[in-house]
Amino acid sequence: MKTRVSDILKSMQIDPAQFSDGNLKVHSPIDGSEIGCVQMDDRASVDTKITNAQSAFLKWRAVPAPRRGELVRLLGEELREHKDALGALVTAECGKILEEGKGEVQEMVDICEFAVGISRQLHGLTIASERPGHHMREYWQPLGPVGIISAFNFPVAVWAWNTALALACGNPCIWKPSEKTPMTALACQALMERAIANFRAKFGDDAPDGLSSVIIGMRDVGEQMVDDPRIALVSATGSTRMGREVGPRVAARFGKCLLELGGNNAIIVAPSADLDMAIPGIVFGAVGTAGQRCTSTRRLIVHSSVYASLVPRLKKAYEGIRIGDPLVDGTLVGPVIDETSFDGMEKALDAARSEGGVVTGGSRVLADQYPDAYYAQPAIVELPGQSASMCEETFAPILYIVKYDTLDDAITLQNGVPQGLSSSIFTTDVREAEQFISAGGSDCGIANVNIGTSGAEIGGAFGGEKETGGGRESGSDAWRAYMRRQTSTVNYSRELPLAQGIKFDLD
Ligand code: UN1
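Being a predicted model, the structure only gives us computed values, none of them experimental.

Enquirer: Please clarify how the overall build of the protein should be interpreted in this entry.
Expert: Within the protein one finds 14 helices and 23 strands. Against the 2.2 N^0.38 benchmark of 23 Å for 507 residues, the protein shows a C-alpha radius of gyration of 25 Å, consistent with a compact globule. In terms of overall dimensions, the protein has a C-alpha envelope of 85 × 60 × 35 Å along the principal axes. Evaluated residue by residue, the protein yields a buried proportion of 51% over its 507 residues. Put simply, of all contacts in the protein between residues at least 6 apart along the chain, 73% involve residues at least 24 apart.

This is the structure in structure tokens:
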């Protein structure tokens, strides 16, 4: 695997020697082998990076936004050029199949293009004033350095969602990737540095040092970034457990937080559902990325009348899933990230059994071929009702199935978990579809009709409610999270009337 990774790096014009020295060893989940080692940051180097980001901010915020967008455009060009290689590196480091690795890089290209457009559209409001000769305006101003925390499962796209928008909005970025995927992060930083060099060739020192940096390490360096008052916004994507720690720490210093945390996403299959569409939608959602997306389908809520026709077909589809080396064409499910993750899957399946669940699949496979890697047969768990283990997010390919009788009950089940990220309904009944996406329907940030729960496009705001953290990244007006709002009342008259009609006459 090491040679493979080395070739991938070379094809991106990145010297593999950069990954041959350091105190953090990187292993590929494909075969457990060591693919590189990198140097971790210490307190002093994190502090220097934050100081540099802070001074970069003072310059970058004054660069016109469309010119800032030009840097993002150049980053998008690098990503487009190296899509296949970066996608393969993602696969080697986090184990998702190559198709999905490349898809993740495509998501980066897409958000760059979106952010370039946004850089010409950072717009506020004009508001009518109650006072003659006055007007009010709302401006969106650059915020300050943005700290990005990302997880192993989307090791590069989540950085791009944040960085593309943050840079266009006038903010430098500091990225703390998962300690399981530092190489993809450093490769992205190398591409970013190339984009900055190309930008400087046109615009000189408009792009200051410290615009983009990566900090490598464990929890301690993440905490240092989270606690530093110079980091104006902490955008953290990962587990609810992580968000529960990050949120209060940032709040304690009155910093801003954007949290995109766990999901426990359900698909409702209604009596009128087109099963030929529902089945591939369910399978991709549940087993894609080996069940390690925050949007993975974890629960299936099936109407009693279609249960007998759906479930056997689903099990048959599961039998055909090709599990194996994610770099090989045709593989649909790669390994889970590590042993801890596989153990978590086994524990969750045991818990479901003790709740009366009937488990199909779920065992370890390919252990002879890959003794140091963890490939799991995706599991289906049929349960008599929505049990305690169904209310937890286990980051593995487990699909729990329960029955329902009325749509109101199905929606109650769908909403009856602590997380609120993604949801969907398969129905051809327009009334049911509309009820599902109405105020009384799904309580999630994402509510889909006749598509699965995962694979959102970047154009929409991405994130969810409840324990998902409430933050929105990516499209729509999510850019506003990276800016500060300023209300400005301007008096162009020769009088000084006070608001609310207050008289304050000085003699
Ligand atoms: C994540 O798993 O953290 O909607 C992000 C999706 C992807 C993003 C997932 N576009 O599945």
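Once the structure has been displayed, the description carries forward.
Enquirer: Please explain helix α5 (residues 98–118) as it appears in this structure.
Expert: Every α-helix carries 3.6 residues per turn, so stepping three or four residues along brings you back to the same face. Between its terminal C-alpha atoms α5 stretches 30 Å, which fits the 30 Å expected from 21 residues at 1.5 Å a residue. Most of α5 sits inside the fold, with 15 of its 21 residues counted as buried.

Enquirer: Is there a simple way to explain the nonpolar core in this structure?
Expert: The nonpolar side chains of a soluble globular protein tend to be buried, and buried together. If you look at the biggest cluster of nonpolar residues, it comprises 144 residues, and the most contacted ones within it are Cys112 and Leu165. When sequence neighbours within four positions are dropped, the list of residues in contact with cysteine 112 reads Val72, Arg73, Leu75, Gly76, Leu79, Ala160 and Ala164. Of all hydrophobic cores here, the second largest spans six residues; its members include Cys294, Leu421, Ile446 and Ala456.

Enquirer: Quick question: what am I supposed to make of the sheet that holds strand β9 (residues 256–260) here?
Expert: Working definition: the strands of a sheet are paired by backbone hydrogen bonds and lie parallel or antiparallel to each other. Strand order in the open sheet formed by five strands is β7-β6-β5-β8-β9, with parallel pairing between adjacent strands. Of all strands in the sheet, those with a lone pairing partner are β7 (212–214) and β9, marking the two edges. Across the sheet, the axes of successive neighbouring strands diverge by a mean angle of 15°, strand direction being ignored. Note that strand β5 (residues 146–149) and strand β8 (residues 233–237) share four bridges and pair parallel. Note on β8: the bridge partner recorded for valine 146 is leucine 233. Here helix α8 (residues 219–227) sits on the sheet in contact with β5, β6 (173–176) and β8, set at roughly 150° to β6.

Enquirer: What should I look at first to understand helix α11 (residues 304–319) in this one?
Expert: For α11, with 16 residues, the first-to-last C-alpha span of 23 Å sits near the 22 Å given by 1.5 Å per residue. At leucine 310, α11 is bent by approximately 30°, the largest bend along its length, and proline proline 312 sits one to four residues beyond. Leu310, Leu314 and Tyr318 are the residues of α11 that are buried. Where α11 is buried, its residues contact β10 (265–269), α10 (275–287), β11 (297–303) and β15 (379–382).

Enquirer: Quick question: what am I supposed to make of the site of the ligand here?
Expert: In the vicinity of the ligand, the residues found are Glu107, Asn153, Phe154, Val158, Thr237, Arg293, Cys294, Thr295, Ser454, Gly455 and Ala456. Considered class by class, the residues forming the shell around the ligand number four nonpolar, five polar and two charged.

Enquirer: Looking at this structure, I do not really get the environment of serine 422. What am I missing?
Expert: The residue serine 422 is located in strand β18 (residues 422–426) in this model. Residue serine 422 is classed as buried on the basis of its C-beta count, with 32 C-beta atoms lying within 10 Å. Considering only alpha carbons, one finds serine 422 and isoleucine 446, 24 residues apart in sequence, at a separation of 4.5 Å.

Enquirer: Honestly, the environment of aspartate 350 in this entry has me stumped. Any pointers?
Expert: Among the secondary structure elements, aspartate 350 is positioned in helix α12 (residues 339–354). When the 14 C-beta atoms within 10 Å are taken as the criterion, aspartate 350 is described as partly exposed. Along the chain, aspartate 350 and serine 389 lie 39 residues apart, while their C-alpha atoms are 9.7 Å from each other.

Enquirer: Got a minute to help me understand unusual backbone geometry in this structure?
Expert: Glycine aside, a negative phi is what most residues show, and trans is what most peptide bonds show. Even without being glycine, glutamine 13 reaches a positive phi, approximately 55°. If you trace the backbone, glutamine 13 turns up in the loop between α1 (2–11) and β1 (24–27). With a phi close to 60°, asparagine 450 is a non-glycine residue in the positive phi region. With respect to the helices, strands and loops of the structure, asparagine 450 is situated in the loop between β19 (446–449) and β20 (461–462). The exposure class of asparagine 450 is partly exposed, given the 15 C-beta atoms found within 10 Å.

Enquirer: Can you walk me through the packing of helix α3 (residues 65–81) against α5 in this structure?
Expert: Any two packed helices are characterised by the angle at which their axes cross and by the distance between the axes. Packing of α3 against α5 brings their axes to within 8 Å, and their N-to-C directions diverge by 160°. As judged from the angle between their axes, α3 and α5 are roughly antiparallel. When you trace α3 past α5, the crossing you get is left-handed. Residue-level inspection shows Gly69, Val72, Arg73, Leu75, Gly76, Leu79 and Arg80 of α3 in contact with α5, the latter providing Val105, Met108, Val109, Cys112, Glu113, Ala115 and Val116. A breakdown of the residues in the contact of α3 with α5 according to their chemical character gives nine nonpolar, two polar and three charged.

The rules behind the values
- Along each chain, the written sequence defines residue order, and numbers are assigned to residues from 1.
- Where local features are concerned, this predicted model is filtered to residues with pLDDT of at least 70; where side-chain atom pairs are given and counted, the filter is 80 or more; whole-chain, interface and lining totals use all residues.
- A run of DSSP states H or I qualifies as a helix once it reaches four residues; a run of E qualifies as a strand once it reaches two. Both are numbered from the N-terminal end.
- C-alpha atoms define the radius of gyration, and 2.2 Å times the number of residues to the power 0.38 defines the globule rule.
- With C-beta atoms placed from the backbone, a residue is labelled by how many other C-beta atoms lie within 10 Å of its own: buried for 20 or more, exposed for 12 or fewer, partly exposed between the two.
- Distance between backbone-placed C-beta atoms decides contact: two residues are in contact if it is within 7 Å.
- Expected span, for any helix, means 1.5 Å times one less than how many residues it has.
- Buried Ala, Val, Leu, Ile, Met, Phe, Trp, Tyr and Cys residues whose C-beta atoms connect them within 7 Å together make up a nonpolar core.
- If DSSP finds at least two bridges between two strands, the strands pair.
- Where helices are involved, their axes are fitted lines through C-alpha atoms of the stretch in contact, as for all axes, and angles between N-to-C directions lie from 0 to 180°.
- Bend, at a single residue, is the angle you get between axes fitted to the 7 residues ending at that residue and the 7 residues starting at it.
- For each residue, a C-beta atom is placed from the backbone, and the residue counts as near a molecule or strand when that atom lies within 6 Å of it.
- As a working rule, the residues Ala, Val, Leu, Ile, Met, Phe, Trp, Tyr, Cys and Pro are called nonpolar, Asp, Glu, Lys and Arg charged, and the rest polar, with Gly in that last group.
- Small angles under 35 degrees read as roughly parallel and large ones over 145 as roughly antiparallel, with 65 to 115 read as roughly perpendicular and the rest as oblique.
- With the far helix as reference, a near helix turned anticlockwise by less than a right angle produces a left-handed crossing, and one turned clockwise produces a right-handed crossing.

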